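# Residue-level structure breakdown
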Amino acid sequence: MIERQLQPLLHELVGVVFAPTSALGDATGQIRPTGVQGVFHADARVLSRAELRVDERELEGLTRGDDGPHGAHFVGLARWLGDATPDPTVRVDRLRRATRNGLTEELRIFSTATVGVRATVSIDLGCDLAPIEVVKSGGAADALEAKTGQPGTLTWSGTGITVTVTAPGADVLASGDRATAPRLVWPVDLPPGGETVLRWQATVDDPRAIVVGPTGGPEWSRPEVTADDRRLVRLLDRSLDDLHGLRLAETGAPTDVFLGAGVPWFLTLFGRDSLWAARMMLPLGTDLAAGTLRVLARRQGTRVDPATGEAPGKILHELRRHEVALPENGLLLPPAYYGTVDATMLWVNLLHDAWRWGLPAEQIEPLLPYLDSALHWLGDHADPDGDGLVEYIDTTGHGLSNQGWKDSGDAVRFHDGSLATAPIVLAEVQGYAHEAAVNGAALLDAFGRPGGDRWREHAAALARRFRDSFWVDGRYGPQPALALDRDKRPVDSLTSNIGHLLGTGLLTADEEAQVARLLTTDTLAGGFGLRTMSTDDAGFSPLSYHCGSIWTHDTAIVLAGLARAGHRDAALRLAEGLLSAAEAFDYRMPELYGGDDRSLVSRPVPYPAACRPQAWAATGAVLLLQAATGLYPDVPGGTVRLAPLAGAELGAVAVDGLRVANTRVHVTVDRTGEATVTGLPTPLTVTPALPTQRRPATPSLPR
């Protein structure tokens, strides 16, 4: 039997991150030369091993925890040392911290023994400089030979990267067999009750990296939050720490900050991920949105290139330092790859929403030519067959076969489980396109540019075409199909994609009410959040990447859409699922997790290859906070709407530090749902909330 090369699992690993550096090790603190364990810098594994031993023995792991936003703290025991009593008397605390260009560790050795303790502490190291895609594919690279120089120093070099390890006071063993597995050695001699601290660090010099750590602190405020449901506070705190660690900038432009998509696979610029993450962070300020918009505008497409998917006006999908080959998936992606159908519309919608939150005109105006180009892509390139709908197809045979956010090869399935054939017309993409046309028109009008009427007409025609093409009969009444296939047949599975239509303007109020009803069925909402596919569909599997799992950002986006539209009960159900999942994952939300029913499992099942931390999973906490407070500003329009989700069910919430037009505001929601806001910049005024829709009735809909 031929053994398959599998993507390594990482759900039980402990990560630290300070982008572009991250590290993954096991629960005892060891970084072993297996799977995806290692220290990574940008797209390369710079250390593949860091194993601690005392007297050639591994410690017994006791516990672990966080050590600030970029660190982890491991506690282990050396029970063979010290007093011969039932109580352990020698303990080792291992503090690991990621830095912008490497990693540091402190080994704190404590003895409460009544006798002296003598031991030898060692760290075995390794470096393979394996590209991240090799690691992701389950592949391996040969360990490189280390060079010695100054006392306590090791270096490795290759592919333009130099890794230097320094360990004050340590002896270095790096000759013979130890050349590819060098060892740091410290003799330790403690008096009764004594302690000592040993230190080592790894530093990376990577001049060819395409991403770097930005200068300065986070581009967003850190609000002070009190809530009856403490899970919301803990989730927000952990998420903001993780987001601090995921900040990146392009080499040569350190002031335009965006969020790297996730650890370990996607710590680089991703159009869709970075745009959604910046959009979800708008309640904390517009600076991150501005940086994300600028960095993607600089790489906006200018020509038609089938090999990369580039087209004039199109926004990038992902950026790497070199070509990425994933043979097991049949993928061969160029360094700058444009194979995404939705990032261009999301760029337009982020620009619009940042404007509504108060992004100054002097930052918007330089981006207006890129807005024109993005809209022209929507009109000239997004609809190759001219039927009025946005579609995609990979023409290369080695790009992404699916180019929406559900981009795995089996993501678009009919109710019977069969795969749809490209070109594919995704439901939520039509919503994004409608929203972008309307939002683009509003921006053009506001800044005195022509074309607004054209894009409003484009949006109206798209809505009519969607209504005629997408609605199908389902178990719970009419439902929007997931997609249309090559022959324009509706792909009739029930999926979370339809939740992204809320608030895009593509649906009527009655249609939105029916979508809200569909989203609250047990088949979609019976897990710890919103399933990507209903349990009634033949393609459903709770651990399928896109056909039954639960994605944190997907649940957050949909619950926010439900809350904003006034579908309170539906939003609260998803919020409770998300908060329960957060508690189970120690408030560091993974990219996705299993879609098992809550009646069958008491806690969410991890998806074993999910990124954690991950940008749009972490920013989901901010979107949940916004839904709880119900703060919806329109700075150009001079109004702010208050429609809180908090109240009787979610409890009271008070937030100091949301930002509207770069002004710190305070929102309080009491247990009855009564909301007040203070600190709004003049001349903004508060408008009444929409009526709450608690039980969506089945309306009269297209058939």
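What counts, and at which threshold
Residues numbered from 1 in each chain as written. Predicted model: local features only at pLDDT ≥ 70, side-chain atom pairs only at ≥ 80, totals over all residues. Heavy atoms only, no water. Helix = DSSP H or I, 4+ residues; strand = E, 2+ residues; numbered from the N terminus. Rg over C-alpha atoms; globule rule 2.2 N^0.38 Å. Buried < 20%, exposed > 50% of the residue type's maximum accessible area, 1.4 Å probe, protein only. Contact = heavy atoms within 4.5 Å. Lys, Arg positive; Asp, Glu negative; His and termini not counted. Charge placed at Lys NZ, Arg CZ, Asp CG, Glu CD. Phe/Tyr/Trp six-rings, centres within 6.5 Å; stacked < 30°, edge-to-face > 60°. Lys NZ or Arg CZ within 6 Å of the ring centre and 35° of its normal. Core = buried A, V, L, I, M, F, W, Y, C linked by side-chain atoms within 4.5 Å. Pairing = 2+ DSSP bridges. Axes fitted to C-alpha atoms, helices over the stretch in contact; angles between N-to-C directions. Polar contact = N/O pair within 3.5 Å; in protein donor to acceptor, adjacent residues only side chain to side chain. Salt bridge = Lys/Arg side-chain N within 4 Å of Asp/Glu carboxyl O. pLDDT = per-residue confidence, 0-100. Parallel < 35°, antiparallel > 145°, perpendicular 65-115°, else oblique. Left-handed = near helix turned anticlockwise from the far one by under 90°.

## Overview of the overall build of the protein chain
For the protein chain, the count of helices and strands is 15 helices and 37 strands. The globule rule puts the C-alpha radius of gyration for 703 residues at 27 Å, and the 26 Å found for the protein chain is close to it. Looking at the 703 residues of the protein chain, the share that counts as buried comes to 61%. Sequence-distant contacts in the protein chain: of pairs separated by 6 or more residues, those separated by 24 or more amount to 65%. The distance from the centre of the 65 positive side-chain charges to the centre of the 86 negative ones in the protein chain is 2 Å.

## Looking at the packing of aromatic side chains
One pass over the structure, following the stated rule, counts nine aromatic pairs. For the ring pair Tyr545 and Trp551, a centre distance of 5.0 Å and an interplane angle of 70° mean the geometry is edge-to-face. Note on Tyr545: relative accessible area 23%, which makes it partly exposed. Overall, Trp551 belongs to the buried group, its relative accessible area being 2%. Ring plane angle 50° and centroid distance 5.4 Å describe the contact between Phe585 and Tyr593, whose orientation is recorded as tilted. For the pair Phe585 and Tyr593, a shared accessibility class is recorded, and that class is buried. One residue, Lys136, lies across the ring of Trp265, its end atom 5.7 Å from the ring centre.

## Things to note about the nonpolar core
Ranked by size, the top nonpolar core spans 168 residues in total, and within it Trp347, Val412 and Leu631 carry the most contacts. What Val412 contacts, discounting residues up to four positions off in sequence, is Tyr392, Asn402, Ser418, Leu419, Ala420, Ile424, Leu426, Leu482, Ala483 and Val491. Judged by nonpolar contacts, the second largest core, of 48 residues, contains Ile31, Val54, Ala146 and Val204.

## Structural notes on the sheet that holds strand 34 (residues 653-660)
What the four strands build is an open sheet, ordered 18-34-35-36; its pairing is antiparallel. Sheet topology places strand 18 (224-227) and strand 36 (675-678) at the edges, where each strand pairs with a single neighbour. Between one strand and the next, the sheet's axes are offset by a mean angle of 25°, whatever the strand orientation. Looking at chain direction, strand 34 and strand 35 (residues 663-669) are connected through seven bridges and run antiparallel. Counted as the bridge partner of Asp656 is His666 from strand 35. Against the sheet, helix 15 (residues 620-629) engages strand 18, strand 34 and strand 35, with an angle of about 110° to strand 34.

## Here's the deal with the environment of Thr89
Turning to its location among the elements, Thr89 is positioned in the loop between strand 7 (71-77) and strand 8 (90-99). When the C-alpha positions of Thr89 and Val117 are compared, they lie 10.0 Å apart, and in sequence the two are 28 residues distant. Beyond its immediate chain neighbours, meaning those up to four positions away, Thr89 contacts Leu81, Gly82, Asp83, Phe110, Ser111, Thr112 and Ala113. Reaching out from Thr89, the side chain makes a polar contact with the backbone nitrogen of Asp83 at a distance of 3.1 Å.

## Considering the pattern of salt bridges
Tallying each qualifying case throughout the model produces 57 salt bridges. Notably, a salt bridge pairs Asp485 with Arg489, separated by 2.8 Å at the nearest N-O pair. A relative accessible area of 2% means that Asp485 is categorised as buried. According to the relative accessible area criterion, Arg489 is partly exposed, its value standing at 44%. Asp487 is the partner of Arg486 in a salt bridge, and the nearest nitrogen-oxygen pair spans 3.9 Å.

## Some remarks on the confidence of the model for the protein chain
In this model, the protein chain carries a mean pLDDT of 96, and residues with pLDDT of at least 70 account for 98%. Note on residues 694-699: pLDDT under 50 across the span, and twelve contacts to partners over four residues away in sequence or across chains.

## With respect to the side chain of His352
Along the chain, His352 falls in helix 5 (residues 343-357). The buried category is assigned to His352, whose relative accessible area is 7%. For His352, the residues in contact, after removing those within four places along its chain, are Asn439, Ala442 and Leu443.

## What to know about the packing of helix 5 against helix 8 (residues 427-446)
In the contact formed by helix 5 and helix 8, the axes pass within 8 Å of each other and the chain directions differ by 50°. One way to sum up the angle between helix 5 and helix 8 is to call them oblique. The interaxial crossing formed by helix 5 with helix 8 has left-handed handedness. On the side of helix 5, the interface is formed by Met345, Leu346, Val348, Asn349, Leu351, His352, Asp353, Trp355 and Arg356, while helix 8 contributes Val429, Tyr432, Ala433, Glu435, Ala436, Asn439, Gly440, Ala442, Leu443 and Ala446.

## Remarks on the environment of Leu600
Mapped onto the secondary structure, Leu600 falls in the loop between strand 31 (592-593) and helix 14 (615-618). As a C-alpha pair, Leu600 and Ser496 span 104 residues in sequence and 21 Å in three-dimensional space.

## A closer look at unusual backbone geometry
The residue after Ala19, namely Pro20, is reached through a cis peptide bond having omega 15°. Assignment of secondary structure puts Pro20 in the loop between strand 1 (14-18) and strand 2 (21-25). Residues Ala422 and Pro423 are joined by a peptide bond in cis, for which omega reads 5°. Topologically, Pro423 is positioned in the loop between helix 7 (368-380) and strand 25 (425-426). Unlike most non-glycine residues, Asp55 shows phi in positive territory, near 55°. Its place among the elements puts Asp55 in the loop between strand 5 (49-54) and strand 6 (60-66). Not every positive phi belongs to a glycine, and Thr159 is a case in point at roughly 50°. One can find Thr159 in the loop between strand 12 (153-158) and strand 13 (161-166).

## Some words on the sheet that holds strand 1
Pairing in this open sheet of four strands is antiparallel, and the strands run 1-2-3-4 from one edge to the other. For this open sheet the edge positions go to strand 1 and strand 4 (44-47), each flanked by a neighbour on one side alone. Put simply, the sheet's adjacent strands are angled 25° from each other on average, direction ignored. Here strand 3 (residues 38-41) pairs with strand 4 via three bridges, running antiparallel. Bridge assignment links His41 to a residue of strand 4, and that residue is Ala44.

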